[in-house]
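Descriptive analysis of the structure
Read off the chains here:
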Amino acid sequence: MRILFMGTPDFAVASLRRLVEDGHEICGVFTQPDKPKNRGHKLAFSPVKEYALSQGLTVYQPVKLRDGTALELIRSLAPELTVVAAYGRILPEDILAAPKLGSINVHSSLLPKYRGAAPINWAVLNGDAVTGVTIMYMAKELDAGDIISAAETPIDPDEDALTLTNRLAELGAETLSRTVQALNDGTAGRTRQDESAVTFAPMLSRELSPMDWSRPARALHNQVRGLIPWPTAVTELGGNRCKVFSTSVLDATTSAAPGTILAAGKEGIQVACGGGTVLRIDELQADGGKRMKAADYLRGHPIPVG
């Protein structure tokens, strides 16, 4: 099939790679414009652009999508289908409708749950046991199109959002492969979303980072997992602000006030949480420092118990 692909981050690379491996004709790849990166502000390619160029695919990076230029380009490419995976841009209806078979999206949740920008993170933040991917027809309203296919996977209670993202990228690629074949064969289904079951997954912000130790240990553990790799959970330890990268919910109870340091040693930093629960900080990074095991941090930054 002749396919136009649109995507930007690592998550999207798996889907593009699978389309290439399946032998489809990729007539073009849309990705976001190069952006300055790191201290030198050197322009960096998106992961999708890097992969596309490695495969000899033609890459387009339109700045505007509503002035008619992008639509004219797409019509000249004459795709049968547009596949979108985490492109990061809202597509106008005329672009969505341009291909003969329309435009489909690889979305990293089981729609209609978690429409929006950060479905993987919110599934982890909320402590969900199951998530998945949905392949849907794209519509004017964000993530509201009819569902073609879906696949689910359990979420490990200690899995962070980055690890889950990598798994869902591969699951999305597999599901996309089957879906494109069904579209090509004319056997693809189409199911309207249940509007009464819609939930949203808004963009993340640093406002979500501060850890409130009056919350239960499991909720804080989910916060740490769900905010990896950005913006990360943060707390103050011994007067130092630290990013928290890894924690463990302990099978223990305490009568100490939330936020009390219960133990600080080679096994990590144990902190009293709401409801008498206990959370151990296993890995952290102090402002201006390096990411390290909590035990290593304590060698240079001893924290008094109590």
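Our structure's up above, just so we're on the same page.
Our subject in this report is the structure included herewith. (Residues numbered from 1 in each chain as written. Predicted model: local features only at pLDDT ≥ 70, side-chain atom pairs only at ≥ 80, totals over all residues. Heavy atoms only, no water.)

This brings us to the overall build of the protein chain. The number of helices and strands found in the protein chain is 8 helices and 15 strands. Scored against the burial criterion, the 306 residues of the protein chain give a buried share of 50%. Looking at the protein chain alone, contacts between residues at least 24 apart form 64% of all its contacts between residues at least 6 apart. As presented, the protein chain carries roughly 15000 Å² of accessible surface, and 50% of it is formed by carbon and sulfur atoms. Across the protein chain, 32 positive and 34 negative side-chain charges occur, with their mean positions spaced 5 Å apart. (Helix = DSSP H or I, 4+ residues; strand = E, 2+ residues; numbered from the N terminus. Buried < 20%, exposed > 50% of the residue type's maximum accessible area, 1.4 Å probe, protein only. Contact = heavy atoms within 4.5 Å. Areas by Shrake-Rupley, 256 points an atom, 1.4 Å probe, with all protein chains shown as cover. Lys, Arg positive; Asp, Glu negative; His and termini not counted. Charge placed at Lys NZ, Arg CZ, Asp CG, Glu CD.)

Once that is clear, we can look at the environment of Asp251. Checked against the element boundaries, Asp251 lands in the loop between strand S11 (240-250) and strand S12 (261-265). When its relative accessible area of 86% is taken as the criterion, Asp251 is described as exposed. For the pair formed by Asp251 and Val278, sequence separation is 27 residues and the distance between their alpha carbons is 7.6 Å.

To continue, consider the environment of Ala52. Following the sequence through the fold, Ala52 ends up in helix H2 (residues 47-54). Residue classification places Ala52 among the buried positions, given a relative accessible area of 0%. Placed 47 residues apart in sequence, Ala52 and Phe5 show a C-alpha to C-alpha distance of 9.9 Å. When near neighbours in sequence (up to four residues on either side) are disregarded, Ala52 contacts Leu16, Val29, Leu57 and Val59.

Once that is clear, we can look at unusual backbone geometry. Cis geometry marks the peptide bond from Ile228 to Pro229; its omega dihedral reads 5°. In this structure, Pro229 sits in the loop between helix H7 (217-226) and strand S10 (233-237). With phi around 50°, Ala86 is a residue other than glycine that occupies positive phi space. Tracing the chain through its elements places Ala86 in the loop between strand S6 (81-85) and helix H4 (93-96). Residue classification places Ala86 among the partly exposed residues on the basis of a relative accessible area of 33%. Phi is positive for Tyr114, close to 60°, though the residue is something other than glycine. Assignment of secondary structure puts Tyr114 in the loop between strand S7 (103-107) and helix H5 (119-125).

The next subject is the pattern of salt bridges. Under the counting rule described, the total for this entry stands at 13 salt bridges. Across the salt bridge formed by Lys100 and Glu80, the nearest N and O atoms sit 3.8 Å from each other. Placement of the pair is Lys100 in the loop between H4 and S7 and Glu80 in the loop between helix H3 (69-77) and S6, with a sequence separation of 20 residues. Given the relative accessible area of 66%, Lys100 is considered exposed. Between Arg291 and Glu283 there is a salt bridge; the shortest N-O distance is 2.9 Å. Overall, the relative accessible area of 44% leaves Arg291 in the partly exposed class. Classification of Glu283 by relative accessible area gives buried; the value is 18%. Through salt bridges with shared partners, one network takes in Arg115, Glu141 and Glu195. (Salt bridge = Lys/Arg side-chain N within 4 Å of Asp/Glu carboxyl O.)

With that settled, consider the sheet that holds S6. Strand order in the open sheet formed by 7 strands is S5-S2-S1-S6-S7-S8-S9, with mixed pairing between adjacent strands. Pairing within the sheet leaves two strands with one partner each, and these edge strands are strand S5 (59-60) and strand S9 (147-154). Relative to S9, strand S8 (residues 130-137) runs antiparallel, the two being bridged by 7 bridges. Bridging across to S9, Val130 finds its partner in Pro154. Against the sheet, helix H1 (residues 10-21) engages strand S1 (2-7), strand S2 (25-30), S6 and S7, with an angle of about 170° to S1. (Pairing = 2+ DSSP bridges. Axes fitted to C-alpha atoms, helices over the stretch in contact; angles between N-to-C directions.)

Moving on to the packing of H1 against helix H6 (residues 161-185). Direction vectors running N to C along H1 and H6 enclose 30°, while the axes themselves pass 8 Å from each other. The crossing of H1 and H6 is right-handed. Mapping the contact onto sequence places Phe11, Ala14, Ser15, Arg17, Arg18 and Leu19 in H1 and Thr165, Leu168, Ala169, Glu170, Gly172, Ala173, Glu174, Leu176, Ser177 and Val180 in H6. Grouping the amino acids of the contact of H1 with H6 by side-chain chemistry returns 8 nonpolar, 4 polar and 4 charged. (Left-handed = near helix turned anticlockwise from the far one by under 90°. Nonpolar A, V, L, I, M, F, W, Y, C, P; charged D, E, K, R; others polar.)

On to the packing of aromatic side chains. Across all of its chains, the model carries 1 aromatic pair by this definition. The residue whose ring lies beneath Lys49 is Phe45, and the NZ or CZ to ring-centre distance is 3.8 Å. (Phe/Tyr/Trp six-rings, centres within 6.5 Å; stacked < 30°, edge-to-face > 60°. Lys NZ or Arg CZ within 6 Å of the ring centre and 35° of its normal.)

Here the focus is the nonpolar core. Counting 46 residues, the largest nonpolar core has Phe5, Leu16, Val29, Val83 and Ile104 as its most contacted members. Residue contributions to this core peak at 9 residues, all from H6. For Phe5, the residues in contact, after removing those within four places along its chain, are Ala12, Ser15, Leu16, Leu19, Gly28, Val29, Phe30, Val48, Val83 and Ala85. Trp213, Cys242, Cys273 and Ile281 belong to the second largest nonpolar core, which has 21 residues in total. (Core = buried A, V, L, I, M, F, W, Y, C linked by side-chain atoms within 4.5 Å.)

Taken by themselves, the reported measurements are silent on function.
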